[in-house]
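Listed below are the residues making up each chain.
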Amino acid sequence: MTQIISSLAEISAPYDTLFCDLWGCLHNGVTPFPEAVAALQGFRARGGKVVLLTNAPRPARFVIESLDRMGCPKDAYDLVVSSGDAAQDAMFAGALGRKVWHLGPSKDDGFFTEIPTEWQGQADIERVDFDDAEGIVCTGPFDEANEVPEDYRAKFLLAKTRGLPMLCANPDVVVDMGDQRIYCAGALAVLYEDMGGEAMYFGKPHPPIYDMARRKLAAIGGGDDGRILAIGDGINTDVPGAAGEGIDCLFVTGGLAHDQFGADQKNPDPELVRAWLGARQTDPRYTIGTLR
């Protein structure tokens, strides 16, 4: 049965590393949460390492730039590892062929222009029109503020008929951008699969992002799985991802499912929490209202 806690410091002593989600845990897409920032700073102050593990479809550099614009201090984390990083690896390795159609907003162009060092000088990936593509790279809707997955049904029918595989650079279905809930690439990939298309995933809860995080963590002197704690608000991403990797998890109720656990977001109702988790047949080791 999950242990409901009131602060990270209560249970952090056995852990050397945090794999911490961003949206809904550290920020809301617009501004950082001060108590969450302080909790991560406190963990690092005692010698722990913080890996921000995010399903953002952009490479880590662009995620860091976004954090900088929000005013998130750099002493709150050691590394950023994104779904975009892991998906890029697959794309440059040829998972889709060499000619790809990009389904996503222009803010995600860095997925193609920020070539990782290990892939520089290798065969180029060419972004082409849909009719010339060998595969689809999906980073989200073109207009995430206004479009819904059903807007793409006709295009996906054509793609499925042609047998185009889809690389989903962000398995999240929705995120909250401030007060607005928007669809992510995961919602489009689910629709494509429901229509009979093939989708490949590289972010949480799938192994490639965790493998990459471990490699980067080992390079800075961390990496014992038994001493890693995953933190996240995604019941379909963070929680099963941690379970699949054999990592303890701290579930944050104040994120995507914040309206399910009573009026006090910081102090969720224990009976509501356990009933909600039980209905989903999952039991993270710890639960907290908001990261603090």
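Please read all numbers here as calculations on a predicted model, not as lab measurements. (Residues numbered from 1 in each chain as written. Predicted model: local features only at pLDDT ≥ 70, side-chain atom pairs only at ≥ 80, totals over all residues. Heavy atoms only, no water.)

Caption draft 1: Representation of the sheet that holds strand β4 (residues 79-82) within the structure. Within the open sheet, the 7 strands sit side by side as β1-β14-β13-β12-β2-β3-β4. Their pairing is parallel. Taken across any chain shown, the strands that pair with only one partner, and hence form the sheet edges, are β1 (3-4) and β4. Across the sheet, helix α3 (residues 83-92) is in contact with β3 (49-54) and β4; its angle to β4 comes to roughly 55 degrees. (Pairing = 2+ DSSP bridges. Helix = DSSP H or I, 4+ residues; strand = E, 2+ residues; numbered from the N terminus. Contact = heavy atoms within 4.5 Å. Axes fitted to C-alpha atoms, helices over the stretch in contact; angles between N-to-C directions.)

Caption draft 2: Examining the environment of Asp-143 more closely. One can find Asp-143 in the loop between β7 (135-138) and α5 (153-162). In sequence terms Asp-143 and Tyr-183 are 40 residues apart; their C-alpha atoms lie 9.7 Å from each other. Polar side-chain contacts of Asp-143 include one of 2.9 Å to the side chain of Asn-146. (Polar contact = N/O pair within 3.5 Å; in protein donor to acceptor, adjacent residues only side chain to side chain.)

Caption draft 3: Representation of a negative patch on the surface in the model. A surface patch of negative charge is lined by Asp-124, Glu-126, Asp-129, Asp-131 and Asp-132. Its location among the elements puts Asp-129 in the loop between β6 (126-127) and β7. (Patch = residues over 30% accessible without salt bridge, like charges linked within 9 Å, V, L, I, M, F, W, Y side chains within 5 Å. Areas by Shrake-Rupley, 256 points an atom, 1.4 Å probe, with all protein chains shown as cover. Salt bridge = Lys/Arg side-chain N within 4 Å of Asp/Glu carboxyl O. Lys, Arg positive; Asp, Glu negative; His and termini not counted. Charge placed at Lys NZ, Arg CZ, Asp CG, Glu CD.)

Caption draft 4: Examining the nonpolar core more closely. Formed by 38 residues in total, the largest nonpolar core has its most connected members in Phe-19, Met-91, Phe-111 and Leu-167. Among all residues touching Phe-19, those that are not within four sequence positions of it are Val-51, Leu-53, Tyr-210, Ala-213, Leu-217, Ile-228, Leu-229, Ala-230, Ile-231 and Ile-247. In terms of nonpolar packing, the next biggest core, distinct from the first, is built from 31 residues, Leu-22, Ala-39, Leu-40 and Phe-43 among them. (Core = buried A, V, L, I, M, F, W, Y, C linked by side-chain atoms within 4.5 Å. Buried < 20%, exposed > 50% of the residue type's maximum accessible area, 1.4 Å probe, protein only.)

Caption draft 5: Layout of the sheet that holds strand β11 (residues 199-201). Spatially, the 5 strands line up as an open sheet ordered β6-β5-β7-β8-β11, and their pairing is parallel. In this open sheet, the two edge strands, each paired with only one partner strand, are β6 and β11. Where strand β5 (residues 99-103) and β7 come together, 4 bridges link them in parallel fashion. Looking at the pairing, Trp-101 lines up with Ile-136 of β7.

Caption draft 6: Geometry of the side chain of Ser-83. With respect to the element layout, Ser-83 can be found in helix α3. The class of Ser-83 is buried, set by a relative accessible area of 0%. Ignoring sequence-local partners within four residues, the contact set of Ser-83 consists of Thr-54, Asn-55, Ala-56, Ala-169, Asn-170, Pro-171, Phe-202, Gly-203 and Ile-209.

Caption draft 7: Local environment of the pairing of strand β10 (residues 180-183). Across 4 bridges, the pairing between strand β9 (residues 174-177) and β10 is antiparallel. Across the sheet, Val-175 pairs through a bridge with Ile-182, a residue of β10. Linking two consecutive strands that pair antiparallel, namely β9 and β10, is a turn of 2 residues; a positive phi of about 65 degrees is found at Gly-178 within it.

Caption draft 8: Here's a closer look at the pattern of salt bridges. Here the structure, examined in full by the defined rule, presents 17 salt bridges. A salt bridge links Asp-21 to Lys-204; the nearest nitrogen and oxygen atoms lie 2.9 Å apart. Placement of the pair is Asp-21 in the loop between β2 (17-20) and α1 (34-45) and Lys-204 in the loop between β11 and α7 (207-219), with a sequence separation of 183 residues. As far as burial versus exposure is concerned, Asp-21 and Lys-204 are alike and both buried.

Caption draft 9: Structural context of the environment of Ala-169. Tracing the sequence through the fold places Ala-169 in the loop between β8 (166-168) and β9. Placed 84 residues apart in sequence, Ala-169 and Asp-85 show a C-alpha to C-alpha distance of 8.7 Å. Once you skip the residues sitting within four places of it in the chain, Ala-169 turns out to touch Asn-55, Ala-56, Pro-57, Ser-83, Gly-84, Ala-87, Phe-111, Cys-138 and Thr-139.

Caption draft 10: Layout of helix α8 (residues 238-245). Residues of α8 that are buried: Asp-238, Val-239, Gly-241, Ala-242 and Glu-245. Each buried residue of α8 sits inside an arc of 165 degrees when the element is viewed along its axis, so together they form one side. Exposed side of α8, more than 90 degrees from the buried face: Ala-243 and Gly-244 are the residues found there. Where α8 is buried, its residues meet α7, β12 (228-232) and β13 (248-252). Once α8 ends, the next one or two residues include Gly-246, with phi positive near 70 degrees. (Arc of directions from axis to C-beta.)

Caption draft 11: Structural detail: the pairing of β5. β5 sits mainly inside the fold: 4 of its 5 residues count as buried. In this structure, β5 lies alongside β6, joined through 2 bridges in parallel fashion. Looking across to β6, one finds that Val-100 is bridged to Arg-127.

Caption draft 12: The environment of Ser-7, seen in detail. Residue position: Ser-7 is located in the loop between β1 and β2. With residues up to four places along the chain from it excluded, the contact list for Ser-7 reads Ile-288 and Arg-292.

Caption draft 13: The packing of α5 against helix α6 (residues 185-194), seen in detail. Orientation of α5 relative to α6, taken along the N-to-C sense of each, is 55 degrees, at an axis distance of 10 Å. Overall, the two elements α5 and α6 adopt an arrangement that is oblique. Crossing geometry of α5 relative to α6 is assigned as right-handed. Across from Arg-153, Phe-156, Ala-159 and Lys-160 in α5, the residues of α6 making contact are Leu-188, Leu-191 and Tyr-192. (Parallel < 35°, antiparallel > 145°, perpendicular 65-115°, else oblique. Left-handed = near helix turned anticlockwise from the far one by under 90°.)

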